[in-house]
Amino acid sequence: MKNSSKFISLFLLGLVAFGCSSGVDVTFNLIDPCSEVVLLHEGQCQHIQVTISSLDPQDPLHQDPLPRICDITQGSCNISGDELLGVARMVDILCFTTLDTPPVARASSQVMLFDTSADGIGTRTINLLIGNINEFADTTIVDSNSPDWGNCSYMGQGEIGRYGHSATLLDDGSVLIVGGIRRYGQGVEEILTTAEVFDPVTGEHRIITGSDGNPIKMMAPSGRAFHTATRLRDGRVLLTGGIGLVEGKKSTLQSAELFDPFTGSFGATSVMGSGRAHHSATSLATGEVLITGGASYNNGVIASYFNNAIIYKPQTNTFEQVSSNMSVARAFHAAVLLDPTTYNGNVVVIGGENVDGPHNSIDIYDAKGNKFYDNVNIVMSKNRSHLTAVRLNNGEVMVSGGKTTVDDISVDNGVEIFDPSIVPFGGFIAQTLTLSVARMDHTATLLDTGNVLVAGGANASNQGIGIADLVLIGSGTYSVQQLTDFVDPQRLLHAATKLRNGWVLLSGGLPSRALEAMPITQSMLFVPPQSY
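Each value, and the rule that gives it
Residues numbered from 1 in each chain as written. Predicted model: local features only at pLDDT ≥ 70, side-chain atom pairs only at ≥ 80, totals over all residues. Heavy atoms only, no water. Pairing = 2+ DSSP bridges. Helix = DSSP H or I, 4+ residues; strand = E, 2+ residues; numbered from the N terminus. Axes fitted to C-alpha atoms, helices over the stretch in contact; angles between N-to-C directions. Disulfide = S-S within 2.5 Å. Buried < 20%, exposed > 50% of the residue type's maximum accessible area, 1.4 Å probe, protein only.

A. Layout of the sheet that holds strand 20 (residues 256-260). One open sheet accounts for 4 strands, arranged 16-17-20-21; its pairing is antiparallel. The strands lining the two open edges of the sheet, one partner per strand, are strand 16 (228-231) and strand 21 (265-268). Averaged over all adjacent pairs, the angle separating strand axes in this sheet is 25 degrees, with direction ignored. For strand 17 (residues 237-240) and strand 20, the ladder comprises 4 bridges, and the chain directions are antiparallel. By the bridge assignment for strand 20, Val-237 is matched with Phe-259.

B. Spatial organisation of the sheet that holds strand 34 (residues 388-391). Overall, antiparallel pairing links the 4 strands, which are arranged 34-35-36-37 in an open sheet. Both outer strands of the open sheet, strand 34 and strand 37 (427-428), are each paired with one neighbouring strand and no more. As paired strands, strand 36 (residues 415-419) and strand 37 are joined by 2 bridges and run antiparallel to one another. By the bridge assignment for strand 37, Phe-418 is matched with Phe-428.

C. Quick peek at the state of the cysteines. What the rule picks out here adds up to 2 disulfides. The residue that forms a disulfide with Cys-34 is Cys-152, at a sulfur-sulfur distance of 2.0 Å. Taking the torsion about the S-S bond as the criterion, the Cys-34 to Cys-152 disulfide, at about 90 degrees, is right-handed. Placement of the pair is Cys-34 in the loop between strand 2 (23-31) and strand 3 (47-54) and Cys-152 in the loop between strand 9 (135-138) and strand 10 (166-169), with a sequence separation of 118 residues. At a sulfur-sulfur separation of 1.8 Å, the disulfide partner of Cys-45 is Cys-95. As the torsion about the S-S bond is roughly -130 degrees, the Cys-45-Cys-95 disulfide counts as left-handed. With Cys-45 in the loop between strand 2 and strand 3 and Cys-95 in strand 6 (residues 89-96), this residue pair connects regions lying 50 residues apart in the sequence. Residue class for Cys-95 comes out buried when judged on its relative accessible area of 0%.

All we've got here are geometric facts, nothing functional implied.
Structural data, given as structure tokens:
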């Protein structure tokens, strides 16, 4: 859909820092999403606040961002050059109806990299997508050099939707989307071998291609879905396990591979030793990766579950067995690194299911001993698999949703809080907190504000959910706020990735579990409030 509304330009004019004599003339164009009007909607944007911040902890603007307020009729704000030319400076633009009310819309840049040579940076234009705060915006092409600028941006150029894929933030701020499953209708599926990148600067999805113009493919010829993808300290991405199509049947993969964003290619690692899917992969404080549990397929269906774990060692590109096993076999679980400064880099493994159905138990991985503690004996209030878990800024772990019985009709709306400070292994806090709807196979993302976005998922009827919640985290208090905007199309088995500017990308997924349901190509961006 072509964006027919006008954009508004803000001219930020100043002097080049560091003693250069040339001027800085930067234009920020605010672009409406492809499917809605934000800027000119009922005159909601009457005032603009421009804030310069930094991702660099050594930059003074990291802790104390610099705001400038303008009347929208002025059309420009004056900012000195040194305010733009920091190492990892970013621009955040808030839209107000009145200065006495909270902002209603927001546009955020990625990290700005200007040429600070003797010639200065001259004139430059940066297009930013603007969206309503606490709402979702369709991904939109904002690169004015593209013939499709202003149009919606789709995965796979609108032809290839994915579910069961991974979506990983890269060091340059783009998102690597790998593998997953494509459908052709009538129950015919393909497990994908390709990858694509979402670039938040241009708003475009781009299939990664080689020098011959053809899509590059993973090392696994069978494709890969329901795998894990973990960014390593050197910027490469480790892909482990998952399922592939072997002789027309879903089979578990024991292979792993590395994506190198510098070369745009995949490379091999040693094998994991046993094929597994629906497992977890957790970055440790050492830079190694803990891989726990998972399930194995036989003749296209899950046949067994794992209670063991392995460690990936980037230095040697090899896997090593953890010296002891978990208390139970589990897949469709969650694993979260606890605060390394307080809990020695330990990991809590929560819930999941095996042949007996969903579990309420947890395990604690002892990072120093490379083993799991015995006799932890800590349980949630309910069995949960297909759940989410996220570490909060206060060090606690928020668990939400999931299914509680073997069938998919017992879907839960509960939220539980794990407090690792309770001696000796932690424990769940007694409190009553529920999401607005029960959900499984959803996503939960920690925002820069410290709150948690819970989006999508499946209900007990196996339909995708369009309702999203904010779990508001206070000082020892928790509450749930249902958002007024919806995830559209509704989706389950999607991926959620927080971008460097704090926005959240929702990609892929299915609208329902029906065999005729087609994977979703339209990605969405959640627009959070400022965190400062």
